Amino acid sequence: MTLLAAVNPREMQVAVMLADIAVVLVAGALLGRVARRLRQPAVVGEITAGILLGPSVLGLLPGGLTERLFPLDVRPLLSAVSQVGLILFMFVVGWEFERRLIRPHAKLAAGVSVSSIAMAFGLGYALAFPLYPEHATVGGHEIPFTAFATFLGAAMSVTAFPVLARILTENNLVNTRVGALSLASAAIDDVLAWCLLAYVSALVAADGNYAELARIGALSVVYVALMLLVVRPLAARLTWRLAATERWSLLLSLLCAGALLSAWVTTWIGIHAIFGAFLFGFVMPREPARLLIEHVRKPIDNVSTVLLPVFFIVTGLGVDLGALTGGDVVALVAIITVACVGKLVGALVPARLAGMSWRDTKDLGLLMNTRGLTELIILNAAVSLGVLDGRMFTMLVIMALVTTAMAGPLLSRRTAQEPDRDEPAPEQDDPAPKTAEPAGLGRLRT
């Protein structure tokens, strides 16, 4: 006791945080391995690990184990660590976004993406009417209905591009038309989802003040323009110069600093930090590709691989299944139903009009219905913005887990050499097979 009492409380906080991260890494690795054995993406196991370590399971055992393992004064430190991993991950997501994924299927992919988003968003917005009275107040502050409904619609509209890439590989769909089309559609989905989140962030930050909303909108436009017109050419010039002299450590430091600063700028503007990290990655040069992957993206991927599991635990600590009421269970069923119907029907209509088979149309809808990590990012952003209460957060996390887990078992089985039965095999110059599992994304969080 004397020795423990002599330890500086601040140092003990940091020590407990480090021990917590060790627990997180082991739990995430174990549950991720179990998920893979069950033909599920690792993200399903890692989300489950977060829920198991939270109040829903571990917290029910005698002795208050969740509070002992993750004390309240340590959780802000864990949250800060998870945010660094999240910002770097979003930077890579933006960097990995390839127009080549979309070009061969641009019209149909745009149709599938817009249709599935419109259907899911519309149904989510409509569902907000019966749900809003029970969840209108968060932390003593009443949330405007427009912000709540817009966010709920955005949560229904998400497709997880990183998880999708891994599912395609594991189900031998990479070289099929439905695989290439789903990747292209999900890429468009991701961009639209971040734009919706930016809009919701602006709504909440403005708090009903239309002048403030106009200010946020104007600053956002200026920011995007500066990133595209000024930062993009400067980044390309800097990257080539440092690559030519092999100063990779300096380039890595500058790019990570740029992602963090861009996240700070968007937070200052009034839209979420992840939007800044994503856009900074989006304007980064893709060449020299092989050298950038080896010396820059892989190190960032490795850091995110260590830090992102903390994000799942922080998410799991906010999930409390025991707090759900009988009415919440009915609402949860409605949320899962609306999420599935919106994506499945939204993808079905344009796919069938384009002449795709029923089998491929069904697979496309299931793939577009996966939400995974992307959904968790948006849900945690909503919590930080004060849009979601604990019960609604719990229900939406469960929805993300269910819609991600259901894809693998329900997809049509194909052998590794089997082409589409009802569709022609992709042309040899179709770039989708080369980019179906982009470096970093397919490996990072799937």
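Residues numbered from 1 in each chain as written. Predicted model: local features only at pLDDT ≥ 70, side-chain atom pairs only at ≥ 80, totals over all residues. Heavy atoms only, no water.

Peer 1: Honestly, the overall build of the protein chain in this entry has me stumped. Any pointers?
Peer 2: Regarding its fold elements, the protein chain presents 21 helices and two strands. By residue count, 54% of the 446 residues in the protein chain fall in the buried class. Partitioning the contacts of the protein chain with sequence separation of at least 6, the portion at a separation of at least 24 is 83%. Split by element, the accessible area of the protein chain, about 18,700 Å² in all, is 68% carbon and sulfur. (Helix = DSSP H or I, 4+ residues; strand = E, 2+ residues; numbered from the N terminus. Buried < 20%, exposed > 50% of the residue type's maximum accessible area, 1.4 Å probe, protein only. Contact = heavy atoms within 4.5 Å. Areas by Shrake-Rupley, 256 points an atom, 1.4 Å probe, with all protein chains shown as cover.)

Peer 1: For this particular structure, what's the right way to read the side chain of S220?
Peer 2: Its place among the elements puts S220 in helix α11 (residues 210-244). Residues in contact with S220, not counting those within four places in the same chain, are I269 and I271.

Peer 1: What should I look at first to understand the packing of aromatic side chains in this one?
Peer 2: Within this structure, the stated rule accounts for eight aromatic pairs. For the pair Y125 and F129, a centre-to-centre distance of 6.3 Å together with 65° between the ring planes defines the contact as edge-to-face. Remark: F129 and Y125 occur in helix α7 (residues 106-131); sequence separation between them is four residues, near one turn of the helix. Classification of F129 by relative accessible area gives exposed; the value is 52%. Put simply, the rings of F121, Y125, F129, Y132, F145 and F148 touch in pairs and so form one group of aromatic residues. Sitting over the face of the ring of W95, R297 holds its NZ or CZ atom 4.5 Å from the ring centroid. (Phe/Tyr/Trp six-rings, centres within 6.5 Å; stacked < 30°, edge-to-face > 60°. Lys NZ or Arg CZ within 6 Å of the ring centre and 35° of its normal.)

Peer 1: Sorry, what's going on with the pattern of salt bridges here?
Peer 2: Here the idea is simple: oppositely charged side chains can pair when their charged atoms come close. For the structure shown, the criterion picks out four salt bridges. In this structure, E134 engages R391 in a salt bridge whose closest nitrogen and oxygen atoms are separated by 3.3 Å. With a gap of 257 residues between them, E134 in the loop between α7 and β1 (137-138) and R391 in helix α18 (residues 390-405) connect regions that are remote in the sequence. A salt bridge links D328 to R391, with the nearest nitrogen and oxygen atoms 2.8 Å apart. Of this pair, D328 sits in helix α15 (residues 326-353) while R391 sits in helix α18, and the two are 63 residues apart along the sequence. One connected set of salt bridges, linked through shared partners, spans E134, D328 and R391. (Salt bridge = Lys/Arg side-chain N within 4 Å of Asp/Glu carboxyl O.)

Peer 1: I would appreciate a short explanation of the packing of helix α17 (residues 372-385) against α18 in the present structure.
Peer 2: Each packed pair of helices is defined by two parameters, the angle between the axes and the distance between the axes. Between α17 and α18, the shortest axis-to-axis distance is 9 Å and the interhelical angle comes to 170°. In terms of their interaxial angle, α17 and α18 are classed as roughly antiparallel. Facing G372, E375, L376, L379, N380 and V383 of α17, the residues of α18 in contact are F393, L396, V397, M399, A400 and T404. Looking at the contact of α17 with α18 residue by residue, the class counts come to eight nonpolar, three polar and one charged. (Axes fitted to C-alpha atoms, helices over the stretch in contact; angles between N-to-C directions. Parallel < 35°, antiparallel > 145°, perpendicular 65-115°, else oblique. Nonpolar A, V, L, I, M, F, W, Y, C, P; charged D, E, K, R; others polar.)

Peer 1: Help me out: how do you make sense of helix α3 (residues 42-53) in this one?
Peer 2: Working note: α-helix, 3.6 residues per turn, so residues spaced by three or four point in the same direction. Over its 12 residues, α3 extends 17 Å from the first C-alpha to the last, a length consistent with the 16 Å expected when each residue adds 1.5 Å. In terms of burial, α3 is largely enclosed, as 10 of its 12 residues are buried. (Expected span 1.5 Å × (residues − 1).)

Peer 1: Is there a simple way to think about unusual backbone geometry in this case?
Peer 2: Most peptide bonds are trans, and most residues other than glycine sit at a negative phi. At E246, a residue that is not glycine, the phi angle is positive and equals roughly 55°. With respect to the helices, strands and loops of the structure, E246 is situated in the loop between α11 and α12 (248-269). Assessed through its relative accessible area of 60%, E246 is described here as exposed.

Peer 1: Could you clarify how one ought to interpret a nonpolar patch on the surface in this entry?
Peer 2: There is a patch of nonpolar side chains on the surface, built from M119, V341, V345, L348, V349, L353 and W358 and spanning about 630 Å² of accessible area. If you tally residues by element for the nonpolar patch, the top one is α15, at five residues. Counting through the fold element by element, M119 comes out in helix α7. (Patch = residues over 30% accessible without salt bridge, like charges linked within 9 Å, V, L, I, M, F, W, Y side chains within 5 Å.)

Peer 1: I would appreciate a short explanation of the environment of M90 in the present structure.
Peer 2: Note on placement: M90 falls in helix α5 (residues 75-96). The contact partners of M90, leaving out residues within four places of it in the chain, are W194, I274, A277, F278 and I377.

Peer 1: Got a minute to help me understand the confidence of the model for the protein chain in this structure?
Peer 2: Atomic detail in the predicted coordinates should be set aside for any region of low pLDDT. Across the protein chain, the average pLDDT comes to 79, with 86% of residues at or above 70. Low pLDDT (under 50) marks residues 419-446, which in the prediction has 73 contacts with non-local residues, meaning those over four places away or in another chain. (pLDDT = per-residue confidence, 0-100.)

Peer 1: In this structure, what is going on with α12? I would like to understand it.
Peer 2: End to end, α12 covers 31 Å across 22 residues, agreeing with the expected 32 Å (1.5 Å per residue, within 8%). For α12, the complete set of buried residues consists of W248, L251, L255, C256, G258, A259, S262, A263, T266 and I269. Relative to the axis of α12, the buried residues are bounded by an arc of 150° and lie together on one face. Structural note: α12 exposes S249, L261, W264 and W268 on the side pointing more than 90 degrees away from its buried face. Downstream of α12 by a residue or two, G270 has a phi angle that is positive, lying close to 125°. (Arc of directions from axis to C-beta.)

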